[in-house]
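So you can see what is in the structure, the chains are spelled out below.
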Amino acid sequence: MNQLSFENGYAAYRAGDWARAAAEFSQAKSMGEHAGRVDHLLGNCLMKLGRYDDAAAAYGEALEDVTYGMRGALCTNRGRALVAAGRLPEAVEVLAEATGDKSYATPYKAYTAMGGAYKAMGDVRSAGIAYRNAAIDETNPNPSASLRKLGGCFMELGRPSDAVESYRTALDFSSSTKANNAIYCDLALAYVATNRMSEAVDAFDHATADGTLALSSEAQAAYDAAREAIAVQNAKTRSDTDDLLASSGYGDYPIDPLDPTGA
């Protein structure tokens, strides 16, 4: 390995000069040489530069260095590169390999990327399974984001009741006000879809309480519809007895004729 090129590349990498780092790393290897760390860093640079196919190739080269290890992380990175390049079936296959690496410390990253790949392929059910696996991974520092995506999958599958539970659980794990507002908005839409209008209005109220969340046109229409439904329901307060009394001439009588003592 050309040590000088590697050191120059690493210095540029740490400085965020991705183009220079990529050029130096490309010169660091000899023909046919396996150098997992070099290819790993090169792949990261190429991702930053938006050269996704080249990044996938670099991560693939790194995987050929069996002494380097880090198979789960490399497969995840390669899968992400393939997703970005639009090579979705390949991405799913590589990401599945990442989740199969028992030594991989953070499989939720692979499951999250897999969910995105399946979603882009139109396979919402498989995307939901991937997001669920990401959410239950104990190493996931933000299961709330995965649960929110799972809720979105349930909504697309026509299962709003399950979406409600996903969003409510997501709120249990979320500590960010901004994230909470977005989740409450999603929850409100799920409540509307299940015809639970009072809860929908409460959720919309939470989502917009601090004024930082701008509702989409769809969400605003749902919010208005939920409030209107409640107003209509509240207007229907007259019972059958009220109607009977009104027809008998007692409609505006200040005392209940059936209980004149007020007992």
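See the structure above.
Residues numbered from 1 in each chain as written. Predicted model: local features only at pLDDT ≥ 70, side-chain atom pairs only at ≥ 80, totals over all residues. Heavy atoms only, no water.

Draft legend 1. Local environment of the packing of aromatic side chains. Tallied over the full model, the rule gives six aromatic pairs. Taking the centre distance of 6.1 Å and the plane angle of 10° together, the rings of Phe6 and Tyr10 count as stacked. Taken as a pair, Phe6 and Tyr10 lie in helix α1 (residues 3-14) at a separation of four residues, close to a single helical turn. With a relative accessible area of 30%, Tyr10 lands in the partly exposed category. Each ring, one from Tyr13 and one from Trp18, has its centre 5.4 Å from the other, and the planes form 80°; the classification is edge-to-face. Looking at Trp18, the relative accessible area reads 24%, which means it is partly exposed. (Phe/Tyr/Trp six-rings, centres within 6.5 Å; stacked < 30°, edge-to-face > 60°. Helix = DSSP H or I, 4+ residues; strand = E, 2+ residues; numbered from the N terminus. Buried < 20%, exposed > 50% of the residue type's maximum accessible area, 1.4 Å probe, protein only.)

Draft legend 2. Region of the structure containing the side chain of Asp186. The residue Asp186 is located in helix α11 (residues 177-193) in this model. Assessed through its relative accessible area of 16%, Asp186 is described here as buried. Setting aside chain neighbours within four positions, we find Asp186 in contact with Arg148 and Tyr167. (Contact = heavy atoms within 4.5 Å.)

Draft legend 3. Structural view of the packing of helix α10 (residues 160-173) against α11. Where α10 contacts α11, the axes come no closer than 9 Å and their chain directions differ by 160°. Looking at the two axes, α10 sits roughly antiparallel to α11. Here α10 runs over α11; the crossing is left-handed. Note on element contacts: α11 touches α10 through Asn180, Ile183, Tyr184, Asp186, Leu187, Ala190, Tyr191 and Ala193, opposite Pro160, Ala163, Val164, Tyr167, Arg168, Ala170 and Leu171. In terms of residue class, the contact of α10 with α11 is built from 12 nonpolar, one polar and two charged. (Axes fitted to C-alpha atoms, helices over the stretch in contact; angles between N-to-C directions. Parallel < 35°, antiparallel > 145°, perpendicular 65-115°, else oblique. Left-handed = near helix turned anticlockwise from the far one by under 90°. Nonpolar A, V, L, I, M, F, W, Y, C, P; charged D, E, K, R; others polar.)

Draft legend 4. Structural context of α10. Look at α10: 20 Å from first C-alpha to last across 14 residues, which is about the 20 Å you get at 1.5 Å a residue. The set of residues buried in α10 consists of Pro160, Ala163, Val164, Ser166, Tyr167, Ala170 and Leu171. Mapping the buried residues of α10 onto a view down its axis gives an arc of 170°, with all of them on the same face. (Expected span 1.5 Å × (residues − 1). Arc of directions from axis to C-beta.)

Draft legend 5. Region of interest: the packing of helix α5 (residues 71-84) against helix α7 (residues 107-121). Two numbers describe how α5 lies on α7: the axes approach to 10 Å, and their chain directions differ by 20°. It follows from the interaxial angle that α5 and α7 lie roughly parallel. In this structure, α5 meets α7 at a crossing whose hand is left-handed. Residue-level contacts link Thr76, Arg80 and Val83 of α5 to Lys109, Ala110, Ala113 and Ala117 of α7. Taken together, the residues of the contact of α5 with α7 sort by class into four nonpolar, one polar and two charged.

Draft legend 6. Quick peek at the side chain of Asn140. Locating Asn140 in the fold gives a position in the loop between α8 (124-136) and α9 (143-156). Reaching out from Asn140, the side chain makes a polar contact with the side chain of Ser146 at a distance of 3.3 Å. In contact with Asn140, other than residues within four places in its own chain, are Tyr108, Ala134, Ala135 and Ser146. (Polar contact = N/O pair within 3.5 Å; in protein donor to acceptor, adjacent residues only side chain to side chain.)

Draft legend 7. The pattern of salt bridges, seen in detail. Per the counting criterion, the structure on display carries 12 salt bridges. Close ionic contact of Arg87 with Glu90 constitutes a salt bridge, the shortest N to O distance being 3.0 Å. With its nearest N and O atoms 3.9 Å apart, the salt bridge here joins Arg168 to Glu165. Here the residue Arg168 and the residue Glu165 both occupy positions in helix α10, the gap between them amounting to three residues, near one helical turn. Judged by its relative accessible area of 38%, Arg168 falls in the partly exposed class. Judged by relative accessible area, which is 42%, Glu165 ranks as partly exposed. Within this structure, Lys29, Asp39 and Glu61 form a network of salt bridges that share partners. (Salt bridge = Lys/Arg side-chain N within 4 Å of Asp/Glu carboxyl O.)

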